[in-house]
Amino acid sequence: MLKRIVYSCILLLLQSGWSHAQTWLQYRDSAEIFRQQKNTDSAIKYFNLSNETIDKDSLVTDSHIQLLTNIANLFYNGKSQYSKAEPFYLEAREVIIKKYGTENDTYAANANFLGQIYYYLKQFNKAEGFYTEAKQIWESLHGKKSRECATICNALGILYNDNGQFEKAEAQHLEARAIREQIFTKEHGAYAQSCNNLAAIYWNLGQYDKAEPLALEAKEIRGRVPGIPKHAYAISCVNLANIYRDMGKFQRAELLYIEARNVREAYFTKEHDDYALSCDILADLYYFMKQYEKAEPLYQEAKDIRERISSKKNYFYAQSCSNMAALYRETGQFKRAEQLALEADIIWRNMGTMVNSDIAINYNSLGALYFAMSKYDKAEQFFFKARVMWRESLGEAHPFYTDNSLSLAKVYWGKNEVEKANDLFIKAFESQVKQAGRIFSFTTEDEKQLYLKNITGSEAVYQSFYFDKLKNGNKGQPYLISLLKRNQILSSSQQLRKLIYTSGDTSLVKKYDNWIRFKKQIAALYSKGEAAPQEHLKALTENADLLEKDIVRYSIGSQHSQEKVVEWKAIQQQLMPGEAAIEFIEFNYFNGRKFTDSIIYAALVLRKEYPEPVYIMLCEKKQLDARLAVKGINSRETINGVYSSNFLFKLIWDPIEKYLSGIKKIYFAPAGILHRISFAGIITNTNLYLGDKYQLVQLLTTASITDTTNELLSAATKIILYGDISYNADTVSLRKAASIYDVDISITRSIAGDFAGEYDPGFFEVLPNSGREIDNIASAAAEKGYLVIRHKGVEANEESVKSLSGEPSPLILHIATHGFFYPDPELTTRYTREISGKVFKRSDNPLFRSGLIMAGAENVWGGKPVDGVDDGVLTAYEISNMYFPKAKLVTLSACETALGDIKGSEGVYGLQRAFKMVGVENLVMSLWKVPDAETAEFMEAFYRNMFNDKAIDKAFYKAQKQMRDKYRKDPYKWAAWILVK
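In terms of regular secondary structure, the protein chain is built from 42 helices and 16 strands. Counting over 981 residues, the protein chain shows a buried share of 57%. Sequence separation of 24 or more characterises 73% of the internal contacts of the protein chain that already satisfy a separation of 6 or more. Surface exposure of the protein chain reaches about 40200 Å², of which carbon and sulfur atoms provide 50%.

Our next topic: helix 23 (residues 459-469). In terms of burial, helix 23 is largely enclosed, as eight of its eleven residues are buried. When helix 23 is considered as a whole, its buried residues turn out to be Ala460, Val461, Tyr462, Gln463, Ser464, Phe465, Tyr466 and Phe467.

Okay, the side chain of Ser850 next. With respect to the helices and strands, Ser850 occurs in strand 10 (residues 850-853). Here the side chain of Ser850 touches Pro846 through a polar contact of 3.3 Å, landing on its backbone oxygen. Every residue in contact with Ser850, bar those within four places of it in the chain, is listed here: Phe820, Phe821, Thr875, Ala876, Gly910 and Leu911.

By size, the foremost hydrophobic cluster in this structure holds 315 residues, and its most contacted members are Phe425, Phe584, Leu624, Trp653, Ile656, Phe679 and Phe942. Ranked by the residues each element gives to this core, the list is headed by helix 16 (residues 315-330), at ten residues.

The next point concerns the sheet that holds strand 9 (residues 819-821). Whenever strands of a sheet pair, they do so through backbone hydrogen bonds, lying parallel or antiparallel. Across the sheet, three strands lie side by side as 9-10-11; this open sheet has antiparallel pairing. Only two strands of the sheet have a single partner each, and these edge strands are strand 9 and strand 11 (873-875). Taking the axes of each pair of neighbouring strands and ignoring which way they run, one obtains an average angle of 25° across the sheet. As paired strands, strand 10 and strand 11 are joined by three bridges and run antiparallel to one another. Residue pairing in the sheet places Gly851 in a bridge with Thr875 of strand 11.

Now for the packing of helix 10 (residues 189-204) against helix 11 (residues 208-224). Contact pair helix 10 / helix 11: the axes reach a minimum separation of 8 Å and the direction vectors enclose 155°. Comparing the axis directions of helix 10 and helix 11 gives the class roughly antiparallel. Here the hand of the crossing between helix 10 and helix 11 comes out left-handed. Along its contact with helix 10, which presents Tyr191, Ala192, Gln193, Cys195, Asn196, Leu198, Ala199, Tyr202 and Trp203, the element helix 11 presents Tyr208, Lys210, Ala211, Leu214, Ala215, Glu217, Ala218, Ile221 and Arg222. Partitioned by chemical class, the residues of the contact of helix 10 with helix 11 number 13 nonpolar, two polar and three charged.

Looking now at the environment of Asp654. In this structure, Asp654 sits in helix 31 (residues 647-657). Spatially, the C-alpha atoms of Asp654 and Leu618 are 8.6 Å apart, while their sequence positions differ by 36 residues.

A few words now on the pattern of salt bridges. Taken as a whole and judged by the stated rule, the model has 38 salt bridges. Glu271 is the salt-bridge partner of Arg308, the closest N and O atoms lying 2.7 Å from each other. Placement of the pair is Arg308 in helix 15 (residues 292-309) and Glu271 in the loop between helix 13 (250-268) and helix 14 (273-288), with a sequence separation of 37 residues. By relative accessible area, which is 34% here, Glu271 ends up partly exposed. Connected via shared salt-bridge partners are Asp377, Glu380, Lys415, Glu417 and Lys420.

Running from N to C, helix 12 (residues 230-246) and helix 13 cross one another at 160°; their axes reach a closest spacing of 8 Å. Taken together, the axis directions place helix 12 and helix 13 in an arrangement best described as roughly antiparallel. The handedness of the crossing between helix 12 and helix 13 is left-handed. Across from Lys230, His231, Tyr233, Ala234, Ile235, Cys237, Val238, Leu240, Ala241, Asn242, Tyr244 and Arg245 in helix 12, the residues of helix 13 making contact are Phe250, Arg252, Ala253, Leu256, Tyr257, Glu259, Ala260, Val263, Arg264, Tyr267 and Phe268. Looking at the contact of helix 12 with helix 13 residue by residue, the classes come out as 16 nonpolar, two polar and five charged.

This paragraph deals with the packing of aromatic side chains. Throughout the structure, instances matching the rule amount to 44 aromatic pairs. Arranged with centres 5.5 Å apart and planes meeting at 40°, the rings of Phe584 and Phe679 form a pair that is tilted. Of the two residues, Phe584 is situated in strand 1 (residues 579-590) and Phe679 in the loop between strand 4 (665-669) and helix 32 (690-693); the sequence distance between them amounts to 95 residues. Like Phe584, the residue Phe679 is buried in the burial classification. Clustering of aromatic rings is evident, with ring pairs tying together Trp413, Phe425, Phe429, Tyr462, Phe465, Tyr466, Phe590 and Phe595.

When pLDDT is averaged across the protein chain, the result is 84; 89% of the residues are at 70 or more. Least confident of the elements in the protein chain is helix 36 (residues 830-835), whose mean pLDDT is 32; most confident is strand 3 (residues 614-620), at 95. In the model, residues 1-18 has pLDDT below 50 throughout and makes 17 contacts with residues more than four positions away in sequence or in other chains.

Turning to its location among the elements, Leu606 is positioned in strand 2 (residues 595-607). Using a relative accessible area of 0% as the deciding quantity, one classes Leu606 as buried. Setting aside anything within four residues of it in sequence, one finds Leu606 in contact with Tyr479, Trp568, Ile571, Gln572, Leu575, Ala580, Ala581 and Pro613.

Another point: unusual backbone geometry. In this model, Thr269 sits at a positive phi of 75°, which is unusual for a non-glycine residue. The class for Thr269 is partly exposed, based on a relative accessible area of 44%. Positive phi, normally seen in glycine, also occurs at Lys475, with a value near 60°.

Below, the discussion takes up helix 24 (residues 477-485). By the criterion of burial, helix 24 is predominantly enclosed, with nine of the nine residues buried. Directly after helix 24, the chain includes Asn487, whose backbone phi takes a positive value near 55°.

Here we come to the pairing of strand 15 (residues 922-926). Among the five residues in strand 15, five count as buried, and that is most of the element. Because side chains alternate across strand 15, one face comprises the buried residues Asn922, Val924 and Ser926, and the other comprises Leu923 and Met925, equally buried. In this structure, strand 12 (residues 887-893) lies alongside strand 15, joined through three bridges in parallel fashion. If you follow Val890 over to strand 15, its bridge partner there is Leu923.

On to the side chain of Gln435, then. Turning to its location among the elements, Gln435 is positioned in helix 21 (residues 418-440). Judged by its relative accessible area of 8%, Gln435 is buried.

A regular strand places its side chains so that they alternate between the two faces of the sheet. Counting buried positions along strand 1 yields ten of twelve residues, so the element is predominantly enclosed. The sheet contact formed by strand 1 and strand 4 spans five bridges and is parallel. Bridging from a neighbouring strand, Ala580 pairs with Ile666 of strand 4. If you look at the hairpin formed by strand 1 and strand 2, you'll find four residues sitting between the two strands, and Gly592 has a positive phi there, around 105°.

Let's shift gears to the environment of Asn591. Examined against the element boundaries, Asn591 turns out to sit in the loop between strand 1 and strand 2. If we ignore the near neighbours within four places in the chain, the residues touching Asn591 are Trp413 and Thr596. Engagement of the side chain of Asn591 in a polar contact is seen with the backbone nitrogen of Arg593, the distance being 2.9 Å. For Asn591, the side chain forms a polar contact with the main-chain nitrogen of Lys594, separated by 2.9 Å.

Procedures and definitions
Residues numbered from 1 in each chain as written. Predicted model: local features only at pLDDT ≥ 70, side-chain atom pairs only at ≥ 80, totals over all residues. Heavy atoms only, no water. Helix = DSSP H or I, 4+ residues; strand = E, 2+ residues; numbered from the N terminus. Buried < 20%, exposed > 50% of the residue type's maximum accessible area, 1.4 Å probe, protein only. Contact = heavy atoms within 4.5 Å. Areas by Shrake-Rupley, 256 points an atom, 1.4 Å probe, with all protein chains shown as cover. Polar contact = N/O pair within 3.5 Å; in protein donor to acceptor, adjacent residues only side chain to side chain. Core = buried A, V, L, I, M, F, W, Y, C linked by side-chain atoms within 4.5 Å. Pairing = 2+ DSSP bridges. Axes fitted to C-alpha atoms, helices over the stretch in contact; angles between N-to-C directions. Parallel < 35°, antiparallel > 145°, perpendicular 65-115°, else oblique. Left-handed = near helix turned anticlockwise from the far one by under 90°. Nonpolar A, V, L, I, M, F, W, Y, C, P; charged D, E, K, R; others polar. Salt bridge = Lys/Arg side-chain N within 4 Å of Asp/Glu carboxyl O. Phe/Tyr/Trp six-rings, centres within 6.5 Å; stacked < 30°, edge-to-face > 60°. pLDDT = per-residue confidence, 0-100.

Below, the structure written as structure tokens:
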């Protein structure tokens, strides 16, 4: 309707005898109306008509300058048609020179616009020239600390960043930020822009520890401060998402990318390059996640938009070609991939050095394509081209260069050039270890898990290479890989706790205590299940994450100073004659071109006299799975069947035997499903158990051999025993027993009916022998003069265990009770999850799905929680929030306490993980549901041995032998127990 009115007005005025001089003004006014209505095409049309009909007297005027600038701005901002904007800015420049000369704000602003145009056209030298000219003028007119200078510093910083000149980019953005903070304070969009752009530099450099806080600050300011355009907020969403994507936090990244795309659609419409870019980067994420069916339509949408709004020869169209080429390569459409990648290459190579970063990515993609096509020579050629460019622009420590090393190594593997491949694999591995160290220097434990899960998937490739090509003569590299990859997160967590409690830094300890307080509240709310206020739980989790990151950053300098890398030669030096170390490894077999469906188990055997560890193939995981299903080996008949046959011996031990001649003591670290095996209970071909032949010392990693001691108990050791627990204790008794501890009622756990429907009175059977067990242990300890504290009945409550956190005395903690572990709900059926109403069964966190049952637990298990006290369900998550700096031994005299989710090189996530996180040196646990009477018998023998001047490990092995000799044909009664040092 508005358009018709404008046309009618123009027609009437022309019929009324408009003068030529008036016509251009009327066209301009009509264009202004269309511009206000965001009708860009009509606005451009009438501004052009105005420019074509302008009278000669108005050619060198402010009005003409503004007219030309308006047309250029519409092509630039409204249409993303930068080449069409260029001539109008240049024409405006000439008019400005004629009217004002060059030393003025108008000329400098025009130079700034031209710099932006050439930036988008990827003409680096021209862009830099115009930006520099504008900066010099503004410095002369307004001084070096002016807002104008900050603006041009920001523009130069973006330019240098995109051209790979990161030091120059950083300097410009730091200068801009300092000026803006002084002029505007931090509560301003310009300051946020500088933070955002600094974050982009550090992201490009792979320095995520520096990038993330800046990106968060920018996004927070842009989302909160009034007057900041929405498209600026979208940019911050994208920058933060880029960081999260590269850290492996894919879900967080996805939400941010989608939010940015929605904002850009509303602000620009879909016919804009910024919207197309949002489609592209969201597709990139799905590509990384291997969700190609989601990525393809987004890539295609971006490509279609770019074809409509610009030409097929521009930068962004080439970007679409390169992206789709990578996608088609991964989906096996090699011809289409090659055609598109080469088309992008031709376009970019005609644009100069400013697009070198894109050319390098495209070269690397072509290398991957030719590798997939088994054209190894061409793959090598393109990988090397990308490698040279990245070495010069990003350096050898950058993740792009590391990934390129891996890719080239695979090429040489395919060409059977083993030494070349090995050299590159070693370099890539060393670089990845350093990159992980940088990520670990500022991230939460959850973020570390995501990084290892989604980003660093190369361990299997390394191990497959050595398995396939270099079992011998590898100089122990497979062993080193296992050592450095194993328990990275656990080790980081242990070091952090130790550092905090030994630092003497009251500020750091206060931060840590506040973090633990948050985690306790999270545990309290989490156990309420669906009844918990989800928004409050989300806010607590976010606050806890922020505080955890702050703690890690605050302490990282000291933490790194305490870290040490243990290599296999150092372990070898610690081995005595007659001792060996076995590092078991598990990996998904990569055949040099792709991953197969085989998961391989191998052993790396180290002896004092060996020149390098011996690499021994054992078996495939599928050969073990059926017999070792996590919930399928609890019955007495099944257990005795597994450990009475030589099935396990043939698969995982017989191949090693010939390397163990003369060996009496073996240190070993299991991997994968081997964590579920009682090695001492494996029976040989000669009907001897491995426990008969060897002293087997189970470790989380054989790296700990360098720290392993056989320390005897000291006279100061405090022994705390739990047994004969009242699971169905009444409300009054529970509150009275808990009142002696410092209980924060605001964070007590209360589950409102979430267990109802499964509860059966007496669900937790009384353990009659547990009382006798701890009484006998207490008597034996008292005879030797140890301080003993017993908790029975209602006094064996959750609060009493938590009160031990930070205990300064040497400590032995023994808990005789029921234990539980529930498998990952993702591995069970939907029906099962719906029927099992328990919060702990449904959790995606394995530390909530394992725990110990303390006094009063039946109340909450039956949906009748007791207000003001803990619920009696002591989860591994809650244990992980404690700290036992001097715990010599924790004995979990309960069922299935050694079980948990097995997470790659990080081992078992459950009670074992939790107690190791908090500093426990020796941990005794069970692999299956243990019989009550024989458990008490085993424990009494173990503690008698220990009190008779036996080291903890020797006392355990002697007790195991005693039980094995007594119940030789019934391993169900004794083989469940393992000691992990």
